[in-house]
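Understanding the architecture of this molecule
Listed below, chain by chain, are the residues.
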Amino acid sequence: MPRPQLSPRSWFLLVTGALWAVAYAGCATRAAVDLEKAVAGHLPFRTTYDRMGEVASLDGGWGRPLLGARIDGVDVVFSARNPGIVRQDEGPAVSGARWQHTLPPAYCHRTPCASLEGLWDVDGDGRAELVLISPTADRRLWLVCALDADTGAVVAEFTLTGGPERRQDGVWDGVYSVVGLTQVPAPGGPRRGLIVAASTGFDWAPRGVMAVDALSGEVLWTHWAGAKPGIRAVRAIDLDGDGVTDCAYLGVAVQNLPGPVGGLRDDECTVVAVGADGSRRWVNKLGGLEGGSLDAVRGPMGSLVLAAAGGTLGRDARLVILDGATGSVRAEAHLPGSPLGIVTMADDEGVDIFLGLDRVGLHRYRFDGQLALAAVAAHPGRLRPYAAGALLTGRGEQLLVGNVNGEIFVLDRDLRPLAHLATPPAATAAGGMMLRPRLDREPLLVVLGNELAPGFALEILPNPPTI
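Because the structure is a prediction, the values reported are computed rather than measured. (Residues numbered from 1 in each chain as written. Predicted model: local features only at pLDDT ≥ 70, side-chain atom pairs only at ≥ 80, totals over all residues. Heavy atoms only, no water.)

**So, the overall build of the chain**
When its secondary structure is counted, the chain shows three helices and 33 strands. Relative to all contacts within the chain whose residues are 6 or more apart in sequence, the contacts with residues 24 or more apart total 49%. (Helix = DSSP H or I, 4+ residues; strand = E, 2+ residues; numbered from the N terminus. Contact = heavy atoms within 4.5 Å.)

**Some details on the pattern of salt bridges**
With the rule as written, the count across this model stands at 28 salt bridges. Among the ionic pairs, aspartate 75 bridges to arginine 70, the shortest N-O distance being 2.9 Å. A relative accessible area of 2% places aspartate 75 in the buried class. For the salt bridge of aspartate 352 with arginine 413, the shortest nitrogen-to-oxygen distance reads 2.9 Å. Taken as a pair, aspartate 352 in strand S24 (residues 351-357) and arginine 413 in the loop between strand S29 (407-412) and strand S30 (417-422) lie far apart in primary sequence, 61 residues in all. A cluster of three or more residues bridged by salt bridges with shared partners is formed by Asp347, Asp352, Arg364, Arg366, Glu397, Asp412, Arg413, Asp414 and Arg416. (Salt bridge = Lys/Arg side-chain N within 4 Å of Asp/Glu carboxyl O. Buried < 20%, exposed > 50% of the residue type's maximum accessible area, 1.4 Å probe, protein only.)

**A closer look at the sheet that holds strand S27 (residues 383-389)**
One open sheet holds the four strands; their spatial order is S27-S28-S29-S30, and the pairing between them is antiparallel. Edge positions in the open sheet fall to S27 and S30, since each of these has one partner strand only. Strand-to-strand twist in this sheet, taken as the mean axis angle between neighbours without regard to direction, amounts to 15 degrees. As judged from the six bridges shared by strand S28 (residues 398-403) and S29, these two strands associate in the antiparallel manner. What sits directly across from leucine 400, in S29, is valine 410. (Pairing = 2+ DSSP bridges. Axes fitted to C-alpha atoms, helices over the stretch in contact; angles between N-to-C directions.)

**Observations concerning the packing of aromatic side chains**
On inspection of all chains with the given rule, the structure shows five aromatic pairs. Aromatic side chains tyrosine 49 and phenylalanine 456 sit 5.4 Å apart centroid to centroid with 65 degrees between the ring planes, which places their arrangement in the edge-to-face category. Of the two residues, tyrosine 49 sits in strand S2 (residues 45-51) while phenylalanine 456 sits in strand S33 (residues 456-462), which places them 407 residues apart along the sequence. Looking at tyrosine 49, the relative accessible area reads 44%, which means it is partly exposed. When the ring of phenylalanine 78 is compared with that of tryptophan 99, the centres are 5.9 Å apart and the planes differ by 40 degrees; the resulting orientation is tilted. Here phenylalanine 78 is found in strand S4 (residues 74-80), whereas its partner tryptophan 99 is found in strand S6 (residues 95-102), with 21 residues between them in sequence. As far as the burial class goes, phenylalanine 78 and tryptophan 99 line up, both buried. Ring pairs connect the aromatic residues Trp142, Trp172 and Tyr176, which therefore count as one cluster. (Phe/Tyr/Trp six-rings, centres within 6.5 Å; stacked < 30°, edge-to-face > 60°.)

**Things to note about the sheet that holds strand S22 (residues 329-334)**
The four strands are arranged S19-S20-S21-S22 in an open sheet whose pairing can be described as antiparallel. Looking at which strands have only one partner, the edges of the open sheet turn out to be strand S19 (291-299) and S22. Strand-to-strand twist across the sheet, computed as the mean angle between neighbouring axes with direction ignored, equals 15 degrees. Bridge count for S19 against strand S20 (residues 302-310) is nine bridges, and the pairing is antiparallel. Looking at the pairing, arginine 298 lines up with serine 303 of S20.

**Quick word on the pairing of strand S25 (residues 361-367)**
When you tally the buried positions in S25, you get seven out of seven residues, the bulk of the element. Pairing of S24 with S25 involves seven bridges; the strand directions are antiparallel. Bridge assignment links aspartate 352 to a residue of S25, and that residue is arginine 366. Here S24 hands over to S25 after three residues, with arginine 359 in that stretch at a positive phi of 60 degrees.

**Description of the environment of arginine 235**
Summarising the element assignment, arginine 235 is placed in strand S15 (residues 228-237). Residues arginine 235 and glycine 180 lie 55 residues apart in sequence; the distance between their C-alpha atoms is 7.9 Å. Residues in contact with arginine 235, not counting those within four places in the same chain, are Asp246, Cys247, Ala248, Leu294, Asp295 and Ala296. In terms of polar contacts, arginine 235 uses its side chain to reach the backbone carbonyl oxygen of leucine 294, at 3.3 Å. (Polar contact = N/O pair within 3.5 Å; in protein donor to acceptor, adjacent residues only side chain to side chain.)

**Digging into the environment of proline 336**
Checked against the element boundaries, proline 336 lands in the loop between S22 and strand S23 (339-346). Residue proline 336 is classed as partly exposed on the basis of its relative accessible area of 41%. Through-space distance from the C-alpha of proline 336 to that of glycine 361 is 9.9 Å; in sequence the pair is 25 residues apart. Apart from the residues within four sequence positions on either side, proline 336 is in contact with Leu357, Val360 and His363.

**Some remarks on the side chain of serine 134**
Structurally, the position occupied by serine 134 is in strand S8 (residues 129-135). A polar contact of 2.5 Å, which involves the side chain of serine 134, links it to the backbone oxygen of cysteine 113. When neighbours within four sequence positions are excluded, serine 134 is seen to be in contact with Leu103, Tyr107, Cys113, Ala114, Leu141, Trp142 and Leu143.

The following block contains the structure:
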């Protein structure tokens, strides 16, 4: 009986998988951290409750209710409450609320009343405005508002209309999100345009991205496709180094459209890159995968789009690093679990990639032209990275991680714990976390509440060993 023959692709996958298994085993042997055991010992930082109550609560996990920034030397936090937006300052000469902007009643039906999308200079005066978006209860209208960050005055205000209702249940089930500001080519010269992502499920459309005039809301272009953007998987980035902001997104496999839209189906994970003029720059289809996370960075190796995606129960999960200009694969790695989130940190030589993997733990990969697994932290829960950078003074780079079972970790670059807190499970399951900057002090760690548990803030303090 003849022996079965492997195709060249099968041999390639077999050998590649074996090599990654060896690399993973080597890294795990040298650098693996058991988080459950590591947090049982003394940690260099401790956390104390700064305040309880409704720090910021979320309705179903929607929106970004807090946004921190440093403006004119003052640490500022904008918060979306109900019925409006509040700016709070903290500094040596000022403290407390500086202004409040109340939204029209039609947009004050939920907490938070709006999602604070970012700070961008929408009118070209050299100062960034606070851009927010808020839907009516039926999601038929979405208010986009740009507020003067210093005074709270309205600089621009307009509405976007939701898509058609296929289910006829009285609510459009899509979400709009503002992801960045770009310069859209136009006959009379470039126009400032906000890049808006549209993510729709059962009601089908629209799905993709569009650009609207940053002051009037006039639609400058649309780029609709079958692939549904993950609302947290859209990034505004200069893809080709021409100094103009483009965007890239990961479209997840919803599998409910009767056919392709814009030449793209919705039955597999797809990375789509769109230029500032609305043209499709490139597409990379991650065959057979269903969902995942995306990030994008620009550094010494140009622009990189990083997608971590997996199939059902983590089947065929992998990390793919794509060239921002061409969409070609720069590097790829098999993942031992479904990706739950991705956070990146770029430096002068490359980029660190932090991945949360379902019931596996955390992995840090390093890409500097070659992709290598650099650190592993084992944990049986569902860990999701939220932020990375110089979070704590004098400790280098750190990673903020949450577990849906109610744990919070601050880890160093090698994924060793610096601080740990166990919280009520509902607190980190839906709301998420953010760091609130404070002048000359460690930031507050804000855990966003939801309908099941109130939010709270934590102060992170040094924890010297006791003698």
